[in-house]
Amino acid sequence: MKAETLLEAARASRSRAYAPYSGFPVGAALLTEEGAVITGSNIENASYGMAVCAERIALFTAIHAGYRSFKKIALAADCTPPPTPCGACRQVLREMAGDLEVISGNLNGEMDISTLSALFPRPFGSLSWDKNPYSEEDQQNSEDNWRVSVSFHPVGCVANGYETPQAIPSNYKELLSQVIIDPELEEGLYRLGEEEKINVISYLHRAKNYTLKEKRSGRGNEVYGVFACRAPLRPNSIAQSTVNLVEVNKNVLTVRGLDLINGTPVLDIKTVMPR
Ligand code: THU
């Protein structure tokens, strides 16, 4: 993955910061060995010293999600020169993420690339963090393992002019939208153009407050469980839309019949099972 791509993810994740005290949102994006990008942003507190930097939020999120090896971290803030990790983050990153490439960027397009060993040559301690008291076998055998969170990394997003679900016309079956796939994944679209219909799996990022059982407008206003209907408000906010594929142009798909708002993250594209 290009440094600039990872930096873009770090810049975007500034919008998730909780930084009312410093007014200085920072975004971080960590690239795992497997190619996943895990983001973080700084989270502050009225007790100022409790603030946690974007880098550690990203790192701990990744560790909790099960990632153990990392390649690069990007860091973005609105400052010149671009930010570098604070001393505390350097220590933590060095133990848990090894000798990362560190990409620093600001909002003026400036970028600086370094390594953690150059920024922090003599870390404290020698213990390898992955000597976890839980053995890997224990972790694998735990019956409750399925309860852990799963993190997804969108492969693209929806582009159309509709910013709210209410704005989407009722004849959306005729509506043209674009699905913009991450340019780095473009090769995965090879021969998709042969399909007439495709499934777009997406994450309804604005859908909140689901109910398990209620009257469903799409089902004659009768009561159904959330898993017995296609209601957009559901536990994981995942949507599956079967749409007509109009055109594939490089990493941009034009589709007809998508009822998703502008910017909806797309998790996957799959073909429709032939009948
Ligand atoms: N901050 C980071 O998130 N990363 C750094 O590397 C340096 C500082 C945050 C902490 C605090 O919320 C704000 O920036 C001002 O220090």
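J.: Mind laying out the sheet that holds strand β6 (residues 156–159), listing which residues take part and the relevant values?
T.: Sheet strands line up and pair through hydrogen bonds in the backbone, either parallel or antiparallel. Taken in spatial order, the 6 strands close into a barrel running β6-β7-β12-β11-β8-β13, and their pairing is antiparallel. Across this sheet, the average inter-strand angle for adjacent strands is 45 degrees, counted without regard to direction. Pairing analysis gives 2 bridges linking β6 to strand β13 (residues 265–271), with the strands arranged antiparallel. Among the inter-strand pairings, C157 is bridged to a residue of β13, identified as P265.

J.: Any chance you could break down the packing of aromatic side chains for me, citing the residues and the numbers?
T.: By the definition in use, this model includes 1 aromatic pair. Between Y21 and Y48 the ring centres are 5.4 Å apart and the planes differ by 40 degrees, which places this aromatic pair in the tilted class. Pair noted here: Y21 is in the loop between α1 (3–13) and β1 (27–32) and Y48 is in the loop between β2 (37–41) and α2 (54–64), with a separation of 27 residues, a long-range link.

J.: Tell me about the pairing of strand β8 (residues 197–203), residues and numbers included.
T.: Burial within β8 is extensive, with 5 of its 7 residues counted as buried. In this structure, β8 lies alongside strand β11 (residues 238–249), joined through 7 bridges in antiparallel fashion. The residue bridging N199 from the neighbouring strand is T242, located in β11. One ladder, built from 5 bridges, connects β8 with β13; its direction is antiparallel. Directly across from V200, in β13, lies its bridge partner I269.

What counts, and at which threshold
- Residues numbered from 1 in each chain as written.
- Predicted model: local features only at pLDDT ≥ 70, side-chain atom pairs only at ≥ 80, totals over all residues.
- Heavy atoms only, no water.
- Pairing = 2+ DSSP bridges.
- Helix = DSSP H or I, 4+ residues; strand = E, 2+ residues; numbered from the N terminus.
- Axes fitted to C-alpha atoms, helices over the stretch in contact; angles between N-to-C directions.
- Phe/Tyr/Trp six-rings, centres within 6.5 Å; stacked < 30°, edge-to-face > 60°.
- Buried < 20%, exposed > 50% of the residue type's maximum accessible area, 1.4 Å probe, protein only.

Shape is all these values report; function is a separate question.
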